[in-house]
Amino acid sequence: MRLAATWTPNPNHPATWGGFFAMLIVMAGCAVIFVGLLASFATWRSTEQPRYPGQWRVLLATTGCFGVVGLAIIAFGVWLF
């Protein structure tokens, strides 16, 4: 038994270089969000055990800033697509 993979392009939305670069921009936005999450998690894990009470707010704000920037980049890539 053979399985054949076929690619049928959508005639209303052709594959172009613009779409390719738009998807790269979307992936870059996802990477920014991932880096923000990773940075906050690594910072939380590397701090000494007696953490000061407001530290989670700072890390949450940092993650939120990375998230907002990443979502803005993703929105731009989706708009280009």
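Preceding block: the structure.
These lines cover the structure that appears in this document, whether it is placed above or below.

### Let's talk about a nonpolar patch on the surface
The grouping of Trp17, Phe20, Phe21, Met23, Leu24, Met27 and Phe81 at the surface amounts to a nonpolar patch, some 780 Å² of accessible area in total. Note that Met27 resides in helix 1 (residues 17-46).

### Structural notes on the side chain of Ser40
Of note, Ser40 is situated in helix 1. Residue classification places Ser40 among the buried positions, given a relative accessible area of 8%. Excluding residues that lie within four positions of it along the chain, Ser40 makes contacts with Leu59, Thr62 and Thr63.

### Considerations on the packing of helix 1 against helix 2 (residues 55-80)
Interhelical geometry of helix 1 versus helix 2 gives an angle of 175° and a closest axis separation of 7 Å. Taken as axis vectors, helix 1 and helix 2 run roughly antiparallel relative to one another. For the contact of helix 1 with helix 2, the residue count by class is 20 nonpolar, ten polar and no charged.

### Considerations on helix 2
The terminal C-alpha atoms of helix 2, which comprises 26 residues, lie 38 Å apart, in line with the 38 Å expected from a rise of 1.5 Å per residue. At its buried positions, helix 2 is contacted by helix 1.

### Some thoughts on the packing of aromatic side chains
Going through the model one piece at a time under the given rule, you end up with four aromatic pairs. Seen from their ring centres, Phe20 and Phe21 are 5.3 Å apart, and the 65° between their planes marks the pair as edge-to-face. Judged by its relative accessible area of 42%, Phe20 is partly exposed. When its relative accessible area of 45% is taken as the criterion, Phe21 is described as partly exposed. Pairwise contacts between aromatic rings join Trp17, Phe20 and Phe21 into one cluster.

The rules behind the values
Residues numbered from 1 in each chain as written. Predicted model: local features only at pLDDT ≥ 70, side-chain atom pairs only at ≥ 80, totals over all residues. Heavy atoms only, no water. Patch = residues over 30% accessible without salt bridge, like charges linked within 9 Å, V, L, I, M, F, W, Y side chains within 5 Å. Areas by Shrake-Rupley, 256 points an atom, 1.4 Å probe, with all protein chains shown as cover. Salt bridge = Lys/Arg side-chain N within 4 Å of Asp/Glu carboxyl O. Helix = DSSP H or I, 4+ residues; strand = E, 2+ residues; numbered from the N terminus. Buried < 20%, exposed > 50% of the residue type's maximum accessible area, 1.4 Å probe, protein only. Contact = heavy atoms within 4.5 Å. Axes fitted to C-alpha atoms, helices over the stretch in contact; angles between N-to-C directions. Parallel < 35°, antiparallel > 145°, perpendicular 65-115°, else oblique. Nonpolar A, V, L, I, M, F, W, Y, C, P; charged D, E, K, R; others polar. Expected span 1.5 Å × (residues − 1). Phe/Tyr/Trp six-rings, centres within 6.5 Å; stacked < 30°, edge-to-face > 60°.

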